[in-house]
Amino acid sequence: MKHLIEKANTLMEALPYIRRFSGKTFVIKYGGHAMSDERLKESFALDVIMLKSLGINAVIVHGGGPQINETLKRYGIVSEFVRGMRVTDAETMSVVEMVLVGQVNKEVVGYLNQHGGRAVGLSGKDGSLLLSKKLLQEIKGDNGATEMVDIGYVGDVVKVNTDLIKTLEQGNYIPVIAPVGVGLEGESYNINADLVAGRVAAALNAEKLILLTDINGVKDKNGTLLESISVDDLNRLIEDDAITGGMIPKVVCCADALRDGVKKAHIIDGRMPHAVLLEIFTDIGIGTEIVK
């Protein structure tokens, strides 16, 4: 009986959040270990389907770095990286698009549909969803001066055309977006999935931007998980070298999204089963929430 009462208490804890978020839009960046573990794939799919059944519009943006690496290796193409960004020539871009749009996107859509969802796969080229331009990378030279470097078909999002997403949401579908953009001449661009998720969230005026990662969340210099922080806190943590490496673009993406109208951002550990539900529908949550 005690076990049943605990279940009832959990449902009651979730009730105010269900009421608050019904009809709202969550943009979820799906990546990391959660995409490679079968148990976590199922957990993520069920979380998204649960959100949809509660009247919450879930929009998924997925990554695919490990799958791209594996395919490039099979083709004998060696990747170079500049500040964490893959140098993407025309040959590499062809492989990136093939993997993200033709393989990974279809797998995510298939998994959601297999578990009872109604998912539709998109790339940034569908309906000119992600209008993009070349992203130059800033690096420091040997003399200490900064210069802008062209690293190929790596893009930045200029505009998100939200009509297609909204049409799918109205039809009770779950949009699943591959982070491949389209330029003015129809050229394809490889875009960081966190960046795409942030721009899509801002364009949709989303209630939440949720990034699934392979760490617990944002931590201070002592390694303590920070449950809730502001954008100003993020800037201080970067200056103090508490946030470094690959976490920097993630928190910058969150800060930009909040500045552009997203209500709240979350960085959570996708290695935990049902991470999305635990973060959204419990009082404490499991990761880091970032607020304006």
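Here, every reference points to the structure presented above.
Quick look at the structure, then. (Residues numbered from 1 in each chain as written. Predicted model: local features only at pLDDT ≥ 70, side-chain atom pairs only at ≥ 80, totals over all residues. Heavy atoms only, no water.)

1. Here's the deal with the overall build of the chain
Across its full length, the chain holds 9 helices and 16 strands. The globule rule puts the C-alpha radius of gyration for 292 residues at 19 Å, and the 19 Å found for the chain is close to it. Projecting the C-alpha coordinates of the chain onto the three principal axes gives extents of approximately 65 × 45 × 35 Å. Across the 292 residues that make up the chain, the buried fraction comes to 48%. A sequence separation of at least 24 residues applies to 73% of the contacts in the chain between residues at least 6 apart. (Helix = DSSP H or I, 4+ residues; strand = E, 2+ residues; numbered from the N terminus. Rg over C-alpha atoms; globule rule 2.2 N^0.38 Å. Buried < 20%, exposed > 50% of the residue type's maximum accessible area, 1.4 Å probe, protein only. Contact = heavy atoms within 4.5 Å.)

2. Focus: the pattern of salt bridges
Per the stated rule, a full pass over the model turns up 12 salt bridges. Residue Glu38 is joined to Lys41 by a salt bridge in which the shortest nitrogen-to-oxygen separation is 3.2 Å. A residue pair is termed a helical-turn pair when its members lie 3 or 4 positions apart in one helix, as Glu38 and Lys41 do in helix H2 (residues 38–53) at 3 residues. A residue is classified by how much of its surface remains accessible, and Glu38, at 48% relative accessible area, is partly exposed. For Glu70, the salt bridge identified is with Arg74, shortest N-O distance 3.6 Å. In this pair, Glu70 and Arg74 are both assigned in helix H3 (residues 65–74), 4 residues apart and thus about one turn of the helix distant. Each of the two residues, Glu70 as well as Arg74, counts as exposed. Linked through salt bridges whose partners overlap, the residues forming this network are Lys29, Asp194 and Lys250. (Salt bridge = Lys/Arg side-chain N within 4 Å of Asp/Glu carboxyl O.)

3. As for the environment of Thr71
Relative to the elements of secondary structure, Thr71 occurs in helix H3. Remark: the alpha-carbon pair of Thr71 and Val99, spanning 28 residues in sequence, is separated by 7.7 Å. Excluding anything up to four places from it in sequence, Thr71 contacts Val95, Met98, Val99 and Gln103.

4. Points about the sheet that holds strand S13 (residues 208–213)
Strands sit in the order S5-S10-S2-S1-S13-S15-S16-S14 across an open sheet of 8 strands; the sheet is mixed. Of all strands in the sheet, those bounded by a partner on one side alone are strand S5 (119–123) and strand S14 (228–230). Taking each pair of neighbouring strands and ignoring which way they run, the sheet shows an average axis angle of 20°. One ladder, built from 6 bridges, connects S13 with strand S15 (residues 264–269); its direction is parallel. Bridge pairing in S15 places Thr213 opposite Asp269. (Pairing = 2+ DSSP bridges. Axes fitted to C-alpha atoms, helices over the stretch in contact; angles between N-to-C directions.)

The quantities given are spatial measurements derived from coordinates; they are silent on function.
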